[in-house]
Amino acid sequence: MPQPIVVTPVSALDWPADDELEETVIQCAGSSFLAYESRLLGRRDFLHGSSFYQAQNGSSATAKGQPAEDEDAGGKKKEYDLLTLSDRKLKKLSYYQVLSRSLPMHASTEEVRKAYHKACLKYHPDKTGRGEEDAVFLLVKAAFDTLSDPMKRRSYDSTVDFDEKIPPEGVPEEDFYAEYGPVFQRNLRFAAFNDPAKQAGNKENDGEASPTPGKKKKKKGGKKKGGGNDAKAKSAGPPPPFGDDDTPLEQVHAFYDFWVHFDSWRDFSLKAEKETDHDLESADCREEKRWMKTEIDRKMKKMKKDEMARINLLVERAMAADPRLRRERGRAAQEKKEKEAAKKQAEEEKAAKEKAEREKMEAAMAKQKAEEESKKKDAKKVKEAQKKQLRKAKQLFRKLTMAAYQASNPNDSSIGTDDPWDDLEKMNDDIELLCDKLSMMELTSLSDILGGPEAVEEGSNVSINVAALADVKECAVETAAGAERQSLLKIQERNQARKKADDKAREAKAARASKPWTKDELGALAKGVKKYPPGGSNRWDSIALFVNNLCKQPDPRTKEECIDKYNQIASSAAPPSTAPASGAAGEKSSGDGEDAWTEEQDALLQEMLRKFPADMEKNERWKAIAKGVGKSKKECVARYKAIREALRQGK
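The present account deals with the structure reproduced in this document.

Cut-offs used in this document
- Residues numbered from 1 in each chain as written.
- Predicted model: local features only at pLDDT ≥ 70, side-chain atom pairs only at ≥ 80, totals over all residues.
- Heavy atoms only, no water.
- Helix = DSSP H or I, 4+ residues; strand = E, 2+ residues; numbered from the N terminus.
- Polar contact = N/O pair within 3.5 Å; in protein donor to acceptor, adjacent residues only side chain to side chain.
- Contact = heavy atoms within 4.5 Å.
- Axes fitted to C-alpha atoms, helices over the stretch in contact; angles between N-to-C directions.
- Parallel < 35°, antiparallel > 145°, perpendicular 65-115°, else oblique.
- Left-handed = near helix turned anticlockwise from the far one by under 90°.
- Phe/Tyr/Trp six-rings, centres within 6.5 Å; stacked < 30°, edge-to-face > 60°.
- Buried < 20%, exposed > 50% of the residue type's maximum accessible area, 1.4 Å probe, protein only.
- Lys NZ or Arg CZ within 6 Å of the ring centre and 35° of its normal.
- Core = buried A, V, L, I, M, F, W, Y, C linked by side-chain atoms within 4.5 Å.
- Expected span 1.5 Å × (residues − 1).
- Arc of directions from axis to C-beta.

### Description of the side chain of serine 264
For step 1, the next point in the chain: For serine 264, the location among the structural elements is in the loop between α12 (249-260) and α13 (269-276).
For step 2, the next point in the chain: Within polar-contact distance, the side chain of serine 264 engages the backbone nitrogen of arginine 266 at 3.3 Å.
For step 3, the next point in the chain: The contact partners of serine 264, leaving out residues within four places of it in the chain, are Phe190, Lys304, Glu307 and Met308.

### Comments concerning the packing of α12 against helix α15 (residues 323-408)
For step 1, the next point in the chain: The geometry of α12 relative to α15 is characterised by a closest axis approach of 11 Å and an angle of 110° between their N-to-C directions. Taken together, α12 and α15 sit at an angle that is classed as roughly perpendicular. Crossing of α12 against α15: the hand is left-handed. On the side of α12, the interface is formed by Leu249, Val252, His253 and Tyr256, while α15 contributes Arg324, Leu325, Glu328 and Arg331.

### So, the packing of aromatic side chains
Aromatic ring pairs: the centre-centre distance and the angle between the two ring planes describe each pair.
For step 1, the next point in the chain: Scanning the entire structure with this criterion turns up 22 aromatic pairs.
For step 2, the next point in the chain: Arranged with centres 6.4 Å apart and planes meeting at 40°, the rings of tyrosine 96 and tyrosine 156 form a pair that is tilted. Of the two residues, tyrosine 96 sits in helix α4 (residues 95-99) while tyrosine 156 sits in helix α8 (residues 150-159), which places them 60 residues apart along the sequence. For the residue pair tyrosine 96 and tyrosine 156, the accessibility class agrees, reading buried in each case.
For step 3, the next point in the chain: An aromatic cluster is present here, built from Phe176, Tyr177, Tyr180, Phe184, Phe193, Phe242, Phe255, Tyr256, Phe258, Trp259 and Phe262 joined pairwise through their rings.
For step 4, the next point in the chain: Over the ring of phenylalanine 242 we find arginine 324, and its NZ or CZ is 5.4 Å from the ring centre.
For step 5, the next point in the chain: Between arginine 557 and the ring centre of tryptophan 517, over which it is positioned, the NZ or CZ distance is 4.3 Å.

### So, the nonpolar core
For step 1, the next point in the chain: Leu525, Val529, Trp540, Leu605, Ile625, Val629 and Cys636 are the most contacted members of the largest nonpolar core, which has 26 residues in total.
For step 2, the next point in the chain: Elements represented by at least two residues in this core include exactly α19 (519-531), α20 (539-551), α21 (559-573), α22 (599-611), α23 (618-629) and α24 (633-649).
For step 3, the next point in the chain: Per element, the largest residue contribution to this core is five residues, and it comes from α20.
For step 4, the next point in the chain: Here cysteine 636 is in contact with Trp597, Leu605, Trp622, Ile625, Ala626, Val629 and Lys631, once residues within four sequence places are set aside.
For step 5, the next point in the chain: One finds Leu82, Leu93, Tyr96 and Leu99 within the second-largest nonpolar core, a separate group that totals 24 residues.

### Here's the deal with the side chain of serine 158
For step 1, the next point in the chain: Along the polypeptide, serine 158 turns up in helix α8.
For step 2, the next point in the chain: Judged by its relative accessible area of 5%, serine 158 is buried.
For step 3, the next point in the chain: In this structure the side chain of serine 158 is engaged in a polar contact, spanning 2.8 Å, whose partner is the backbone nitrogen of aspartate 267.
For step 4, the next point in the chain: Not counting chain neighbours up to four residues away, the residues in contact with serine 158 comprise Phe190, Trp265, Arg266 and Asp267.

### Re α22
For step 1, the next point in the chain: With 13 residues, α22 extends 18 Å from end C-alpha to end C-alpha; this agrees with the ideal 18 Å at 1.5 Å per step.
For step 2, the next point in the chain: Residues of α22 that are buried: Gln601, Asp602, Leu605, Gln606, Met608 and Leu609. Relative to the axis of α22, the buried residues are bounded by an arc of 165° and lie together on one face. In α22, those exposed residues whose orientation departs by more than 90 degrees from the buried face are Glu599, Glu600 and Lys611.

Right, dumping it as structure tokens:
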């Protein structure tokens, strides 16, 4: 029995969703497409190239010696007959092709206007009789309205198909100019000097009439800060040509400098509005329209940023792959390497030279130091030898004098009547004085007079000269007198210097006293005494500073001058004392019943006033002041009041 056939249904293919499909731009090419495009745009009939068409026309229209179908007798392209084209064909035409088939994209405003006038002569309703609502005439009018307005034209030109591809990295050197040259030329379409709005503005400025005489045209704008003007100036005009391998480096740098500061006029408003699917005219309210405008502006900024990033990437790749710049970079790197090597060699030579000089200097310093140390050691040895010799000379002198003393008094240790010294202590004092004051040679000469070192040696036949003790005594007396005279001379010199200083101070005081006090200075002194009462620190210094600041004299007054003038005024204005001849205990009075205040007493009064301030108990204060001055309390108070009154009268 045959096996039954089992049919297993196959599941449907897993097709991706529509929104997951990737859009790809296909470049149409080939003879079939060109024939289709020609038929679509009305350049040839539908049956062109067929046997029927050849039978009707006899031969090919493109035979040798005859112009092509879309060219006239002069070789120029024939204009489209918009009246014979279908709506589908009309939609495929650009606004430039609608006005004129030969109208370039970067045509001037005047060229656009001329093309529009020619189109009106052909498609105006008065010429065609098709009425005001004719689609062809409305299309011509819309094309002119768009291309004649700079801003609308900029937006429209930005929407025309444009190849944004840039060459990849790693382009071979031999293909560099063929790969990058057309790309840069293609991107010049959006350069600043090709800006439709700018071209229209320049045309208007050229056609402006001269200003009315007597009126100056105001300058718009001002001088901008920063380097923005330089960047705009570099991208204002057309750049130098891309060139080839033999182009000078200055031109190459100028070319890339233009593209580094490239200023694109490309407007993404229509494209952003299409991608965001926002129609400002269909907004229901003002808030919705504002929101749509914000979204469109955000999308425009992003597109503009991507556009500039694409241009920058193109420039970076071109500069990295440009064989001319690569050779220049290699040459610059080699020069830098050579400079660094030369610099390093110079530094090494300089370091070696400095090291040699430093070693030479160190050797010289070490040699000099060794010589100095040797000299110091030699000097120290000499000094120590001299000290040793002086010490031996002193010991020998002491031995000889003591031996001479013992020889003069063999039985009694006391000094004899014929000896130069009265007692042994005075002799020892004179001997020590001579040891301290005399030099080694002088001590040696005295020792030789006494008999020399042989006189104290055992078993020597030389005897000690006892009579020479008188010479030793005389030498000691003269040495002591010389020391005293030296001390007296020092004292006299000090006294004379002190006397000269006192005379100088006295002359300065007399010179200050000879300069009279002006009325302003006296008034300032009175104010200063009142402003700075007794008891304060540095009172008279403050008073002198106050007087000098107030009067502004070329020769300022000193503290001593202010004190002297104050005492002079106080003594001249003081009334005679009426104190009795014999007063109470603790008070002193003169024999004739009047007490005269001296300068020293006035100074003591001022000092006591400073010492005992006014915040003390009044009676205790004046008792202490009277005790310190040596006057009675009543006399001190009267003197103080007299001085104060005199100062007030002198204002």
